[in-house]
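In case you want the letters, here they are:
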Amino acid sequence: MSELATSPAIGDENPVSSASATAEPRPKQLSQWGEIRHRFAQNKLAVVGLVIISALFLTAVFGNYLTPFDPGAQDLENTLVSPNGTHWMGTDALGRDMFSRLIVGTRVAMFVGLASIFFAVLIGVALGAIAGYFPGFADTLVMRVADVFLAFPLMIGAIVIILVTGRGITPVIISLAIFSWATVARLLRSSILSVREMDYVHAAKALGASGWRVVRTHILPNSLTAVLVYATFNVGTTIVGVAALSFLGAGVPVDVPEWGNMLAAGQGFIGVNDYLWYFPSLFVVVTVLGFAFVGDGLRDALDPKLR
C-alpha cells in the first residue's frame, strides 16, 4: 500500500521530462566565422583600429565633399596662417588649406597602399603555391628568385625602379609590389608545406582530385591565414613607404597633395610653423596604428592559441 501511495499518479508528468522541460536552453553555438568575429570584437584595440581604417576609407571615398577649400588653390595673401576657425589646420607657404590637402592625401595613401599590397599578395600567393605544392625544381627556382628580391632593401629597390620609370602613382605601386611579394611567397610556402600533409588532402588525392584542384579548394583556403595577417600589417608599412619616397623626392609628383610631399614642404619650418609637419605626421602615425591594431586582432582571432 505504501508503494502505491508514493508512486506517481497515472496522469502525472514524467519526472525526467519535467526536469528537462524546466532546464535552461543551451547557448547557441557560434559558427567558425562567428567565433572569429567574436574573438576579434573582444580585442578593444582591434575594434579601435577597425574604426580608424573605416574612417580613413570613407574619407578617401568622399573626400571631395569634406574639403572646405580647393586643395590646389593658392592664396598668397594668406600664407603660413596658423590653425584657426577658417583654416582648421592652417595654410602652407603658398596659402593652400592644409586640412583640404590632408583629406585628399588620404585618398592617395589608401589607394597606393592597398593597391601595392593587392598586387604583392597576388604575385606572392601564385608563386608561393607553386613552390609549396610542387617541390623540386619549381620550389628551388621560386625561392631563389625570392631571395634575390629579399636581398634588396625595399626603399632602395623602389627608388631604383622609380628613377628608371619616372615619378608617379603607378610606378610607386609597381615598385612597392615588386619588392613585397617575396615575403608573401615564403609565408604561404611554409603554410602549404604543413597543410599538404593533412589527412583531408590525402583523401582528396585518393578520390582522384587533380593537383590544381587540391591546391585551389583544400590547401590555399587553409594556408592563407598568415598571408592575410601579414597583408593587413603591411598596408601601414607600405603607406609609410609611399610617404618616405615622396619625402625623398622619388614618390608621387610634388604637385599632388600627398602626406610625404607635405612633410617635405614643412621640414624647412620646423620650430617656426610646426603645424606644417605635425599634422601630416599625425595622419601617417594614426593610419599605421589603425592597420597594426587590426592586424594584431586578426592574428589573435584566426589563431586563438596566440592569445
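Quick summary incoming for the structure in this document. (Residues numbered from 1 in each chain as written. Predicted model: local features only at pLDDT ≥ 70, side-chain atom pairs only at ≥ 80, totals over all residues. Heavy atoms only, no water.)

## Looking at the overall build of the protein chain
Looking only at helices and strands, the protein chain has 14 helices and 0 strands in total. The linear arrangement of helices and strands in the protein chain, starting from the amino end, is α-α-α-α-α-α-α-α-α-α-α-α-α-α. Residue burial in the protein chain is summarised as follows: out of 307 residues, 41% are buried. Across the protein chain, every contact between residues at least 6 apart in sequence was considered, and the portion connecting residues at least 24 apart equals 72%. (Helix = DSSP H or I, 4+ residues; strand = E, 2+ residues; numbered from the N terminus. Buried < 20%, exposed > 50% of the residue type's maximum accessible area, 1.4 Å probe, protein only. Contact = heavy atoms within 4.5 Å.)

## Overview of the environment of Gly-236
Locating Gly-236 in the fold gives a position in helix H12 (residues 225-247). Measuring from C-alpha to C-alpha, the distance between Gly-236 and Val-288 comes to 4.3 Å, with 52 residues separating the pair along the chain. The contacts of Gly-236, once residues within four sequence positions are left out, are Val-288 and Phe-291.

## Things to note about the packing of helix H5 (residues 98-133) against helix H8 (residues 169-178)
Packed helices, taken two at a time, are described by their axes: the angle between them and the distance between them. Close contact between H5 and H8 brings their axes to 8 Å; oriented N to C, the two are set at 40°. Taken together, the axes of H5 and H8 lie oblique to each other. Both H5 and H8 take part in a crossing whose hand is right-handed. For the pair H5 and H8, contact is made by Phe-111, Val-112, Ala-115, Ser-116, Phe-119 and Ala-120 and by Ile-169, Val-172, Ile-173, Leu-176 and Ala-177, respectively. (Axes fitted to C-alpha atoms, helices over the stretch in contact; angles between N-to-C directions. Parallel < 35°, antiparallel > 145°, perpendicular 65-115°, else oblique. Left-handed = near helix turned anticlockwise from the far one by under 90°.)

## Brief notes about the pattern of salt bridges
For side chains bearing opposite charge, pairing can occur when the charged atoms are close. Applying the stated criterion across every chain, the model contains 7 salt bridges. Arg-189 serves as the salt-bridge partner of Asp-139, at 2.7 Å between the closest nitrogen and oxygen. With Asp-139 in helix H6 (residues 137-151) and Arg-189 in helix H9 (residues 181-195), the pair connects residues that are 50 residues apart, well separated along the chain. Ionic pairing is found between Asp-300 and Arg-299, a salt bridge with its closest N-O pair at 3.9 Å. A cluster of three or more residues bridged by salt bridges with shared partners is formed by Arg-144, Asp-147 and Arg-186. (Salt bridge = Lys/Arg side-chain N within 4 Å of Asp/Glu carboxyl O.)

## Looking at the nonpolar core
Of all hydrophobic cores here, the largest spans 30 residues; its most connected members are Met-89, Leu-102, Ile-239 and Trp-259. Taken together, the elements giving at least two residues each to this core come down to helix H3 (32-42), helix H4 (44-61), H5, H12, helix H13 (259-266) and helix H14 (275-302). Every residue in contact with Trp-259, bar those within four places of it in the chain, is listed here: Leu-102, Gly-105, Thr-106, Ala-109, Ile-239, Pro-280, Phe-283, Val-284 and Thr-287. (Core = buried A, V, L, I, M, F, W, Y, C linked by side-chain atoms within 4.5 Å.)

## So, the side chain of Thr-232
Residue placement: Thr-232 occurs in helix H12. Dropping the residues within four chain positions of it, Thr-232 is found in contact with Phe-291, Val-294, Gly-295 and Leu-298.

## Some words on the packing of H4 against H5
Remark: H4 packs on H5, axes separated minimally by 8 Å, with the N-to-C direction vectors making an angle of 105°. Viewed along their axes, H4 and H5 adopt a mutual orientation that is roughly perpendicular. Judged by residue contacts, Ile-53, Leu-56, Phe-57, Thr-59, Ala-60 and Val-61 of H4 engage Ile-103, Thr-106, Arg-107 and Met-110 from H5. Class assignment of the residues belonging to the contact of H4 with H5 gives a composition of 7 nonpolar, 2 polar and 1 charged. (Nonpolar A, V, L, I, M, F, W, Y, C, P; charged D, E, K, R; others polar.)

## With respect to the side chain of Ser-246
Its place among the elements puts Ser-246 in helix H12. Residue class for Ser-246 comes out buried when judged on its relative accessible area of 3%. Here the side chain of Ser-246 touches Val-252 through a polar contact of 3.3 Å, landing on its backbone nitrogen. Setting aside chain neighbours within four positions, we find Ser-246 in contact with Arg-167, Gly-251, Val-252, Glu-258, Gly-260 and Asn-261. (Polar contact = N/O pair within 3.5 Å; in protein donor to acceptor, adjacent residues only side chain to side chain.)

## Observations concerning a nonpolar patch on the surface
Where nonpolar side chains cluster on the molecular surface, the patch consists of Phe-57, Leu-58, Val-61, Phe-62, Tyr-65 and Leu-66 and spans about 660 Å² of accessible area. Tracing the backbone shows Val-61 in helix H4. Residue classification places Val-61 among the partly exposed positions, given a relative accessible area of 44%. (Patch = residues over 30% accessible without salt bridge, like charges linked within 9 Å, V, L, I, M, F, W, Y side chains within 5 Å. Areas by Shrake-Rupley, 256 points an atom, 1.4 Å probe, with all protein chains shown as cover.)

## So, the packing of aromatic side chains
Scanning the model with the defined rule gives 8 aromatic pairs in all. Consider the rings of Phe-149 and Trp-181, whose centres lie 5.4 Å apart with planes at 65°: the pair is edge-to-face. One end of the pair, Phe-149, is in helix H6; the other, Trp-181, is in helix H9, and 32 residues separate them in sequence. One aromatic cluster in this structure is built from Phe-149, Phe-152, Phe-179 and Trp-181. (Phe/Tyr/Trp six-rings, centres within 6.5 Å; stacked < 30°, edge-to-face > 60°.)

## Examining H12
Relative to the 33 Å expected for 23 residues at 1.5 Å per residue, H12 spans 34 Å between its end C-alpha atoms, a close match to the ideal helical length. At Asn-234, H12 shows its maximal kink, close to 30°. (Expected span 1.5 Å × (residues − 1). Bend = angle between axes of the 7 residues up to and from the residue.)

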